[in-house]
Amino acid sequence: MYRDTGVLNIPPSSTEGDSYLLARVERGDEAAMASLFERYSKLVYSVALRVLRDPAAAEDVLQEIFMQVWRQPGSFSPTRGSLGGWLAVVARNRAIDCLRRRRPTEPVEEVALASSWNLGNETERNLMMEKARVVIAHLPREQRKTLEMAFFDGLTHIEIAEMTGDPLGTVKTRIRSALASLRKALTA
C-alpha cells in the first residue's frame, strides 16, 4: 500500500468536515468511510511505520485503526482535538503495543553476539547527540518545529510551507537559522 513511503502527509482539506463524515460513517455510509481513509491513511501508516520500522506491521496497524473507526466512529471526541491528531496518537499507541507484543524469534541462548564496538567512539557520539538535543530544545519554537518536520518527518520545504501556511522563504530561513545554531553549538 504505502510500503515505499514513510513520510508524514497531512490530509488535504475538503469541503466535507471530519465530523460530518464520521456522522455518515455512523449511519453505515461506506463512501464516507472511503473518504476518511483516503484523507488519513497516509498519516496513520507513516506514524505506525516510524514506530515499527516494518511495512507489513504498519499496514496491520492501519487496518486495525480504520476498522475501529468503522465499527465505533463515536470513539473520537471532537472536543479533544482534530481527527488527524487523534488518529496519529492512536496509531502511535497501537504501534507501541505491537512492539510490546513481539516475541524474540530465537531463544536468547542460541543468539551469538559479535561486537566490533568502539566504546570511545560511541561515547563521543552519544555526547554529541545529547548536545544536539539540548540545542534543538532551546531553538525558537517555530524553528524547532520546522527543523523537526524537515529532518525527522522527512518533509520537503514545500510540504512544510503547505502544512504550516508559512511562505516558502520563511520555511527555508527557519531551517537555515536552526542549522546554523546547531552547527555553531556543535563546533564550539
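Let me begin by describing the structure that accompanies this report. (Residues numbered from 1 in each chain as written. Predicted model: local features only at pLDDT ≥ 70, side-chain atom pairs only at ≥ 80, totals over all residues. Heavy atoms only, no water.)

A look at the packing of helix H2 (residues 30-52) against helix H4 (residues 83-101)
At a minimum axis distance of 8 Å, the contact between H2 and H4 shows a crossing angle of 35°. At the point where H2 passes H4, the crossing takes the right-handed sense. On H4, the residues that touch Leu36, Tyr40, Leu43, Val44, Val47, Ala48, Val51 and Leu52 of H2 are Leu83, Gly84, Leu87, Ala88, Ala91, Arg92, Ala95, Ile96, Cys98 and Leu99. A class-by-class count of the residues in the contact of H2 with H4 yields 16 nonpolar, one polar and one charged. (Axes fitted to C-alpha atoms, helices over the stretch in contact; angles between N-to-C directions. Helix = DSSP H or I, 4+ residues; strand = E, 2+ residues; numbered from the N terminus. Left-handed = near helix turned anticlockwise from the far one by under 90°. Contact = heavy atoms within 4.5 Å. Nonpolar A, V, L, I, M, F, W, Y, C, P; charged D, E, K, R; others polar.)

A closer look at helix H1 (residues 18-26)
Among the residues making up H1, those that are buried are Asp18, Leu21, Leu22, Arg24 and Val25. End-on, the buried residues of H1 take up no more than an arc of 160°, which puts them together on one face. Facing away from the buried side of H1 by more than 90 degrees, the exposed set consists of Ser19 and Glu26. If you follow the buried residues of H1, they end up packed against H2, helix H3 (55-71) and H4. (Buried < 20%, exposed > 50% of the residue type's maximum accessible area, 1.4 Å probe, protein only. Arc of directions from axis to C-beta.)

Section: the packing of aromatic side chains
A full pass over the atoms with the stated rule returns two aromatic pairs. Here Phe37 and Phe66 contribute two aromatic rings whose centre-to-centre distance is 4.9 Å and whose plane-to-plane angle is 70°, an arrangement assigned as edge-to-face. A residue pair is termed long-range when its members are at least 10 positions apart, and Phe37 in helix H2 and Phe66 in helix H3 qualify at 29 residues. Among the residues examined, Phe66 registers a relative accessible area of 5% and is labelled buried. A ring pair is formed by Phe76 and Trp86, whose centres lie 5.6 Å apart and whose planes are at 55°; its orientation type is tilted. In this pair, Phe76 is assigned in the loop between H3 and H4 and Trp86 in helix H4, connecting sequence segments ten residues apart. Residue classification places Trp86 among the partly exposed residues on the basis of a relative accessible area of 21%. (Phe/Tyr/Trp six-rings, centres within 6.5 Å; stacked < 30°, edge-to-face > 60°.)

Some remarks on the environment of Ala31
Looking at the secondary structure, you find Ala31 in helix H2. What makes Ala31 partly exposed here is its relative accessible area of 43%. Considered as a pair, Ala31 and Leu21 are ten residues apart in the sequence and their alpha carbons are 9.0 Å apart.

Here's the deal with H2
At Tyr40, H2 shows its maximal bend, which comes to roughly 50°. Two to three positions downstream of the cap, the backbone nitrogen of Ala31 sits 2.9 Å from a side-chain oxygen, assigning the N-cap of H2 to Asp29. Looking one or two residues beyond H2, the residue adopting positive phi is Arg53, at roughly 55°. (Bend = angle between axes of the 7 residues up to and from the residue. Polar contact = N/O pair within 3.5 Å; in protein donor to acceptor, adjacent residues only side chain to side chain.)

Read these as geometric descriptors, not functional statements.
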